[in-house]
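Structure assessment
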Amino acid sequence: MAQTKNVLLVGVGGQGTILVGKILSSGLVNAGFDVKMSEVHGMAQRGGSVSNQVRYGEKVYSPIISKGQADILVAFESMEALRWLEYLNPKGKVVVNDYQIPSAPILMGKQDYPEGVLDILKEKADTSVVKAAKLAQELGNIKSMNIVLFGALVKGMQLTNINWEQVIKNNVKPKTVEVNIKAFRAGLNAVS
Amino acid sequence: MKQLLTGNEAVVQGAYEAGVTYACAYPGTPSTEILENIAAYKEEITAEWAPNEKTALESSIGACYAGARSLAAMKMVGVNVAADPLFSFSYSGVNGGLVLVSADDPGMHSSQNEQDNRYYAKFAKLAMLEPSNSQECRDMIKAAYEISEKFNTPILFRMTTRVSHSKSLVEAGERTPIEKKPYVKNLQKYDLVPAVSRVLHRKVEERLKDLEQFSNETDINFIEWNDKAIGIISSGVAYEYAREVFGNSASYLKLGFTYPLPMEKIQQFAAQVKTLYVIEELEPYLEEQIKAAGIACIGKEKIPVLGELTPDIIAKVLLNKENSLIAYDDSSVANRPPSLCAGCPHRGFFYALAKRKNIMISGDIGCYGLGGAEPLLAKDMSVCMGASISVGHGAQQTFTKFQDKYRVVATIGDSTFFHTGVNSLMHIAYNQSKTVTCILDNRITGMTGHQENPGTGYTLQGKPTKIVDIPELCKAIGIEHIRIINPNDLTEVNDALDWALSLDEPSVIITRWPCVLKKHSTEDKSEFGDYRTNCDVDLNKCIGCKACIKTGCPALRFDKPIKKVKIDSAQCIGCGVCQQVCPVKAIAKVAK
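The following refers to the structure shown. Being a predicted model, the structure only gives us computed values, none of them experimental.

1. Topic: the overall build of chain A
Each helix and strand in chain A was counted, giving eight helices and six strands. Element order for chain A, N to C, with α for helix and β for strand: β-α-β-β-β-α-β-α-α-β-α-α-α-α. Taking 16 Å as the expected radius of gyration for a compact globule of 192 residues, we find that chain A reaches 16 Å, a close match to that expectation. Counting only C-alpha atoms, chain A reaches 50 × 40 × 35 Å along its principal axes. Within chain A, the proportion of its 192 residues that are buried is 59%. Mean positive and mean negative side-chain charge positions of chain A (22 and 16 charges, respectively) differ by 6 Å.

2. Comments concerning the nonpolar core
Residue and element names in this part refer to chain B. Core analysis: the largest hydrophobic core is formed by 98 residues, its most contacted members being Leu-35, Leu-71, Phe-246 and Ile-279. Apart from residues lying up to four places away in sequence, Leu-35 is in contact with Ala-23, Cys-24, Ala-25, Ala-47, Glu-48, Trp-49, Leu-71, Ala-73 and Leu-460. Counting 63 residues, the second-largest nonpolar core is a separate cluster that includes Leu-353, Leu-370, Ala-500 and Ile-587.

3. Brief notes about helix α15 (residues 387–401) of chain B
Residues and elements named next belong to chain B. Its 15 residues place the ends of α15 21 Å apart at the C-alpha level, agreeing with the 21 Å of an ideal helix rising 1.5 Å per residue. Considered for burial, the residues of α15 that qualify are Ala-387, Ser-388, Ile-389, Gly-392, His-393, Ala-395, Gln-396 and Phe-399. Close packing links the buried residues of α15 with β14 (359–363), β16 (407–413), α16 (414–431) and β17 (436–441). Positive phi appears at Gln-403, one or two residues downstream of α15, with a value of about 50 degrees.

4. Considerations on the sheet that holds β16 of chain B
Residue and element names in this part refer to chain B. Strand order in the open sheet formed by six strands is β15-β14-β16-β17-β19-β18, with parallel pairing between adjacent strands. For this open sheet the edge positions go to β15 (381–382) and β18 (481–485), each flanked by a neighbour on one side alone. The sheet contacts of α16 involve β16, β17 and β19 (507–512), and relative to β16 the element is tilted by about 145 degrees. Along the sheet face, helix α18 (residues 490–502) touches β14, β16, β17, β18 and β19 and points at about 170 degrees away from the line of β18.

5. Here we look at the packing of helix α1 (residues 17–30) of chain A against helix α7 (residues 164–171) of chain A
Residues and elements named next belong to chain A. One can describe the packing of α1 onto α7 by two numbers: an axis separation of 10 Å at closest approach and a directional angle of 130 degrees. Between α1 and α7, the crossing angle belongs to the class labelled oblique. When you trace α1 past α7, the crossing you get is right-handed. Between α1 and α7, the residues in contact are Leu-19, Lys-22, Ile-23, Leu-24, Ser-26, Gly-27, Leu-28 and Asn-30 and Trp-164, Val-167, Ile-168 and Asn-171, respectively.

6. Let's talk about the pairing of β18 of chain B
Pairing of β18 of chain B with β19 of chain B, which is carried by five bridges, proceeds in the parallel orientation. Across the sheet, residue His-481 of chain B finds its bridge partner in β19 of chain B, namely Ser-507 of chain B.

7. Quick notes on the pairing of strand β21 (residues 556–559) of chain B
Residues and elements named next belong to chain B. Burial of the side chains of β21 is restricted to one face: Leu-556 and Phe-558 are buried, whereas none of Arg-557 and Asp-559 on the reverse face is. In this structure, β21 lies alongside strand β22 (residues 564–567), joined through four bridges in antiparallel fashion. Within the sheet, the bridge partner assigned to Arg-557 lies in β22 and is Lys-566.

8. What about the packing of aromatic side chains?
Given two aromatic rings, their pairing is described by the distance between the two centres and the angle made by the two planes. Under the defined criterion, the tally for this structure stands at 21 aromatic pairs over all chains. Put simply, the rings of Tyr-65, Phe-89, Tyr-183 and Tyr-190 of chain B touch in pairs and so form one group of aromatic residues. One Lys or Arg, Lys-59 of chain A, reaches over the ring of Tyr-61 of chain A and ends 5.3 Å from the middle of that ring. Of note, Lys-546 of chain B hangs over the ring of Phe-558 of chain B, and the distance from its end group to the ring centre comes to 4.5 Å.

9. So, the layout of surface pockets
Each pocket or cavity is described by its volume, and for the second largest pocket that value is around 1,100 Å³. Lining the second largest pocket are 39 residues, and of these Ile-65, Ser-66, Lys-67 and Tyr-87 of chain A together with Asp-312 of chain B lie nearest its centre. Going through the elements one at a time, β2 (34–41) and β3 (49–57) of chain A together with α10 (236–246) and α13 (311–319) of chain B are the ones with two or more residues in the lining of the second largest pocket. Looking at the lining of the second largest pocket element by element, the count peaks at six residues for α13 of chain B. By residue class, the composition of the lining of the second largest pocket is 12 nonpolar, 14 polar and 13 charged.

10. A closer look at the state of the cysteines
All names here are of chain B. Taken as a whole and judged by the stated rule, the model has zero disulfides over all chains. Free cysteine: Cys-24, not disulfide-bonded; nearest cysteine sulfur from Cys-64 at 14 Å. A relative accessible area of 2% means that Cys-24 is categorised as buried. Here Cys-553 is not disulfide-linked; the sulfur of Cys-575 is the nearest cysteine sulfur, at 6.0 Å.

11. A look at α18 of chain B
Residues and elements named next belong to chain B. Taking 1.5 Å per residue, 13 residues should reach 18 Å; α18 reaches 18 Å between its end C-alpha atoms and fits that length. All buried positions along α18 are accounted for by Leu-490, Val-493, Ala-496, Leu-497, Trp-499 and Ala-500. Check the buried side of α18 and you find it contacts α14 (346–354), β16, β17, β18, β19 and α20 (577–581). Of the residues flanking the start of α18, the one acting as N-cap is Asp-489, its side-chain oxygen 3.1 Å from the backbone nitrogen of Thr-491.

12. With respect to the pattern of salt bridges
Inspection of every chain in the model, using the stated rule, returns 39 salt bridges over all chains. Where Glu-80 of chain A meets Arg-83 of chain A, a salt bridge forms, and the shortest distance between an N and an O atom there is 2.8 Å. You can see Glu-80 of chain A and its partner Arg-83 of chain A sitting in helix α2 (residues 78–83), three residues apart, about one turn around the helix. Among the charged side chains, a salt-bridge network with shared partners connects Asp-104, Asp-116, Arg-118, Glu-130, Arg-158 and Glu-280 of chain B.

13. Considering the sheet that holds strand β6 (residues 127–129) of chain B
All names here are of chain B. Taken together, the seven strands give an open sheet; going across it, the order is β3-β2-β4-β5-β7-β6-β12, and neighbouring strands pair in mixed fashion. Bordering the open sheet on either side are β3 (46–49) and β12 (257–259), each of which pairs with just one other strand. In this sheet, adjacent strand axes meet at a mean angle of 20 degrees when their direction is disregarded. Sheet topology note: the strand β2 (residues 22–25)/β3 ladder contains four bridges and is parallel. Bridged to Ala-25 within β3 is Trp-49. The strands touched by helix α1 (residues 7–17) are β4 (70–75), β5 (98–104) and β7 (155–160); relative to β7, the strand with the most contacts, the crossing angle is about 155 degrees.

14. Describing the side chain of Asn-453 of chain B
Residue and element names in this part refer to chain B. Take Asn-453: it is sitting in the loop between β17 and α17 (470–476). Within the structure, Asn-453 has its side chain in polar contact with the side chain of Thr-445 (distance 3.2 Å). Not counting chain neighbours up to four residues away, the residues in contact with Asn-453 comprise Asp-414, Ser-415, Phe-418, Ile-444, Thr-445 and Tyr-458.

15. Some thoughts on the interface of chain A and chain B
The interface is formed by 54 residues belonging to chain A together with 48 residues belonging to chain B. In total, about 4,700 Å² of surface goes out of reach between chain A and chain B, with carbon and sulfur atoms giving 59% of it. Remark: the boundary between chain A and chain B carries six salt bridges. Linking chain A with chain B are 22 residue pairs in polar contact (both at pLDDT 80 or more). Counting residues per element, the ones that place at least two in the side of chain A that touches chain B are α1, β2, β3, α2, β5 (88–97) and α3 (104–107) of chain A. For the side of chain A that touches chain B, the class distribution of residues is 25 nonpolar, 15 polar and 14 charged.

Procedures and definitions
- Residues numbered from 1 in each chain as written.
- Chains lettered and ligands numbered in written order.
- Predicted model: local features only at pLDDT ≥ 70, side-chain atom pairs only at ≥ 80, totals over all residues.
- Heavy atoms only, no water.
- Helix = DSSP H or I, 4+ residues; strand = E, 2+ residues; numbered from the N terminus.
- Rg over C-alpha atoms; globule rule 2.2 N^0.38 Å.
- Buried < 20%, exposed > 50% of the residue type's maximum accessible area, 1.4 Å probe, protein only.
- Lys, Arg positive; Asp, Glu negative; His and termini not counted.
- Charge placed at Lys NZ, Arg CZ, Asp CG, Glu CD.
- Core = buried A, V, L, I, M, F, W, Y, C linked by side-chain atoms within 4.5 Å.
- Contact = heavy atoms within 4.5 Å.
- Expected span 1.5 Å × (residues − 1).
- Pairing = 2+ DSSP bridges.
- Axes fitted to C-alpha atoms, helices over the stretch in contact; angles between N-to-C directions.
- Parallel < 35°, antiparallel > 145°, perpendicular 65-115°, else oblique.
- Left-handed = near helix turned anticlockwise from the far one by under 90°.
- Phe/Tyr/Trp six-rings, centres within 6.5 Å; stacked < 30°, edge-to-face > 60°.
- Lys NZ or Arg CZ within 6 Å of the ring centre and 35° of its normal.
- 1 Å grid on protein atoms, 1.4 Å probe; cavity = no way out; pocket = protein on both sides within 12 Å on 5 of 7 lines; lining within 4 Å.
- Points joined across faces, edges and corners; volume = space filled by probe spheres on them.
- Nonpolar A, V, L, I, M, F, W, Y, C, P; charged D, E, K, R; others polar.
- Disulfide = S-S within 2.5 Å.
- Polar contact = N/O pair within 3.5 Å; in protein donor to acceptor, adjacent residues only side chain to side chain.
- Salt bridge = Lys/Arg side-chain N within 4 Å of Asp/Glu carboxyl O.
- Buried area = accessible area lost by both parts, 1.4 Å probe.

Laid out in structure tokens, this is it:
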């Protein structure tokens, strides 16, 4: 593979984007790629906008993705997909969680949650909407929605030949292995 | 086996392999994880949190004088606090090797200014190394200890946020056990009185010449020849960005040993390329020295001096190249600013404080800085760690002198109080301003991610230890009026503020309640009990007045269609602040 691939994971602090970045990177390293990963987050431990960037290929230099260069944008929260859309390569893909977390100005009534986010995304890019929260809830743990999205990411980037279930086992708490593997499979099946 | 490590983790790996036995720091983003990770080597390395960066560096200097390889780590503004010993330490030099890691924050992801600490190496006359990625962090730290001991110099190890916090592959090795060097009393080296320092300054200048020769010879500074039409001199993560943009279409002089600079190597490189670019983040540190040596180059005419550098910026300003982007209107995307957590014990206190009239609120560095955001707006200023109390004092003295109606309330966290706030409180006690100092004791160092401090009862490596008693400490330095309150109880907060503002003398209010995200110690459990519950809104009683929303709690949401407030039970921990501000008593505590 000549070209470096760029994965941009965005969400809200506490959603588990960092863990997904870790699982993805770990599997890519096992598969023999050079990998760089960078977290960008503000001061808040919780509630702020969070992004995690993973770049892989034969040889990777910059740990950060340039605007217009992400091959896939995985948004763990709907509005965050719109915030980061300029980072997506116009030929890239969006995987977006059908899940909204209102930010502080919205909670206070100073701003509104944008209308029609999913429609805008579908109009502008190759977008797959995943009902990750609903799927995770059905599997018994809403927190595993990050792994549902990870499954969709693996499908979207055509990385299905890596043994991800083993990587997931190595990276999550033992008592959540089962639900997370189920969540991963649900994510794989959630996108075409 | 190669591992994916952050730069901070790779520094730890390198320091471990280099035989470091003492490490000390004060937490600060992006440096914090260095000491958190080094602490795991409980057998081999004594790792400690210091109350501030000056004490961290000084104790590392002591360990180095005693003969150990030692490490101090801090964020860039912390080096300002440690600058005093640093300049003198440059004169004495080392016994065991010493590395000071400065983690700079271009882009100010979590800092109050943008500061290029490479100038400290030049100013304090220290050897400097500057890694570009995690592998270099590991390799260069090992080299740093060799250089430190060989040339009798402290090392400034300059990282940036993107080097500290990005992950890349690292090939690691085994620890080489290093014998502690014997300590030999030597007043001519360690006793920095004027007669000694005059002699040592001469030696420092000679050392810099030797180091420059080393800088020219070491392969830490290396050339990659490609097309010679464009030559690029770069260091740190800027090198990775330059490499990303120019690929093999340009030649590179990659600098990893960046003080003193390898001027001979730079001359040779510059002579062979047609156009020379100096690509560096923040200040023109390399460029100034290169231009001063009479070498023509292009740098800050094109590359911005503000903010974090990115490959996009380099491509745009040097190659006039921009990626095509998806055109869309993002004006409807709401902001997502950081905010005090649901159940944060600072919320009740700030809510009550901000309601007061004619108050200047002098703020400080920590989570409680977020109290300045909407809707609380409980902060007027914030300068640097520990400054709230002394800034407040100066303002109060001025208001008092000019009979201005304003009163000053200074707010500071427990860890920040130990850092340098205690010095400022001594200043107040000594000079007797009627400043109200509020120590917001949440039983942990919050913002950097829950580090122990002298008030928590545990050390970095998990040993139970003595606890500094904040009220007793305040008494000991001369504060006579002290109250300890529960900040979630608004009546207590208001009573304490009334009391403090009625006094013509200095007072201290200590709010004592643990951080909502903190893992409770056995001491916390016995003191605060199992208080976590839930609040719920009786929708029949709620009149939609939004009084509770004004507390800024992220668990509360105004539901526009029904004009009522709802509480997210997953976030709520039942602190009860919203319950106290509801005018119609529509909010009640319910079992979790």
